[in-house]
Amino acid sequence: METVSPEEAARLRQTLHERGLRMTPQRQLVLDAVRELEHATPEQICQRVQRVTPTVNITTVYRTLELLEKLNLVRHTHLGHGAPSYSVEQHEHVHLVCHSCGRVDEAPCELLDDLARSLERGRGFRLDASHLALSGTCRDCVEAEEENQ
């Protein structure tokens, strides 16, 4: 399982200590699983953690994800119906979710800069594009549809 760098681990321990918390093995395993999986539901994260420590349950994973999100170490995005998908905080991009096959692709947030400026000027709304999923049909599914017509 991929682990955080010693500097990141020290920063995390310090952040937790400042809040009266400590870095437990379960918290480290959950964070490592999020980093390794890149986009994962709590259930997928739990399965990954249970490979190392089978006694960790889904409730622990949910609580840990909630804490890590409060500490700005992970973020969640709703990629469709169902459970949110978690990724590390620095993993910023727009998610492109295919209705047909369920594939999730990534696009740079900068693609939405014009929309973000327009929303801020016109409505005073500040868009967080890194927390966004757009639904549509991927290239492969479009091509398959066109071949079938």
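Residues numbered from 1 in each chain as written. Predicted model: local features only at pLDDT ≥ 70, side-chain atom pairs only at ≥ 80, totals over all residues. Heavy atoms only, no water.

Enquirer: In this structure, what is going on with the environment of leucine 112? I would like to understand it.
Expert: Among the secondary structure elements, leucine 112 is positioned in the loop between strand 4 (104-107) and helix 5 (113-123). Beyond its immediate stretch of four places on either side in the chain, leucine 112 contacts Val94, Leu127, Ala129 and Leu132. (Helix = DSSP H or I, 4+ residues; strand = E, 2+ residues; numbered from the N terminus. Contact = heavy atoms within 4.5 Å.)

Enquirer: What's the story with the layout of surface pockets in this structure? I'm lost.
Expert: Considered as a void within the structure, the largest pocket measures approximately 170 Å³ in volume. Considering the residues around the largest pocket, the lining is formed by Leu96, Val97, Cys98, Arg103, Val104, Asp105, Leu134, Ser135, Gly136, Thr137, Cys138 and Arg139. Counting residues per element, the ones that place at least two in the lining of the largest pocket are strand 3 (94-98), strand 4 and strand 5 (133-136). (1 Å grid on protein atoms, 1.4 Å probe; cavity = no way out; pocket = protein on both sides within 12 Å on 5 of 7 lines; lining within 4 Å. Points joined across faces, edges and corners; volume = space filled by probe spheres on them.)

Enquirer: In this structure, what is going on with the nonpolar core? I would like to understand it.
Expert: The nonpolar side chains of a soluble globular protein tend to be buried, and buried together. One finds Leu12, Val30, Ile45, Val49, Val61 and Leu65 to be the most contacted residues of the largest nonpolar core, which totals 22 residues. Listed by contribution, the elements that provide at least two residues to this core are helix 1 (6-18), helix 2 (25-37), helix 3 (42-52), helix 4 (58-70) and strand 2 (85-88). Among the elements that take part in this core, helix 2 stands out by supplying 5 residues, more than any other. (Core = buried A, V, L, I, M, F, W, Y, C linked by side-chain atoms within 4.5 Å. Buried < 20%, exposed > 50% of the residue type's maximum accessible area, 1.4 Å probe, protein only.)

Enquirer: For this particular structure, what's the right way to read the sheet that holds strand 5?
Expert: Note on sheets: strands pair through backbone hydrogen bonds, and any given pair is parallel or antiparallel. Strands sit in the order 4-3-5 across an open sheet of 3 strands; the sheet is mixed. In this open sheet, the two strands that pair with only one neighbour each are strand 4 and strand 5. On average, each strand axis in the sheet is tilted by 30° relative to the strand beside it, whichever way the strands run. Of the strand pairs in this sheet, strand 3 and strand 4 are connected by 4 bridges, and their pairing is antiparallel. When the bridges of strand 4 are listed, valine 97 appears paired with valine 104. (Pairing = 2+ DSSP bridges. Axes fitted to C-alpha atoms, helices over the stretch in contact; angles between N-to-C directions.)

Enquirer: Sorry if this is basic, but what is going on with a negative patch on the surface here?
Expert: Taken together, the side chains of Glu143, Glu145, Glu146 and Glu147 define an acidic patch exposed on the protein surface. In this fold, glutamate 145 is placed in helix 6 (residues 139-148). The exposure class of glutamate 145 is partly exposed, given its relative accessible area of 41%. (Patch = residues over 30% accessible without salt bridge, like charges linked within 9 Å, V, L, I, M, F, W, Y side chains within 5 Å. Areas by Shrake-Rupley, 256 points an atom, 1.4 Å probe, with all protein chains shown as cover. Salt bridge = Lys/Arg side-chain N within 4 Å of Asp/Glu carboxyl O. Lys, Arg positive; Asp, Glu negative; His and termini not counted. Charge placed at Lys NZ, Arg CZ, Asp CG, Glu CD.)

Enquirer: Any chance you could explain unusual backbone geometry here in plain terms?
Expert: Residues apart from glycine generally show negative phi values, whereas peptide bonds are mostly found in trans. For glutamate 38, which is not glycine, the phi dihedral falls at a positive 70°. Considering the arrangement of structural elements, one finds glutamate 38 in the loop between helix 2 and helix 3. One non-glycine residue, asparagine 72, lies in the positive phi region at around 60°. With respect to the helices, strands and loops of the structure, asparagine 72 is situated in the loop between helix 4 and strand 1 (74-77). Owing to a relative accessible area of 53%, asparagine 72 belongs among the exposed residues under this scheme.

Enquirer: Can you walk me through the state of the cysteines in this structure?
Expert: Each disulfide consists of a covalent bond between the sulfur atoms of two cysteine residues. Evaluated as defined, the whole model comprises 0 disulfides. For the unlinked cysteine cysteine 98, the closest cysteine sulfur is that of cysteine 138, found at 3.7 Å. (Disulfide = S-S within 2.5 Å.)

Enquirer: Looking at this structure, I do not really get the side chain of histidine 93. What am I missing?
Expert: Mapped onto the fold, histidine 93 is located in the loop between strand 2 and strand 3. A relative accessible area of 5% places histidine 93 in the buried class. Looking at histidine 93, its side chain comes within polar contact range of the side chain of histidine 95, at 3.2 Å. At 3.4 Å, the side chain of histidine 93 and the side chain of glutamate 106 are in polar contact. Those residues within four positions of histidine 93 in sequence are excluded, and the remaining contacts are His39, Glu106, Ala107, Cys109, Ala129, Ser130 and Leu132. (Polar contact = N/O pair within 3.5 Å; in protein donor to acceptor, adjacent residues only side chain to side chain.)

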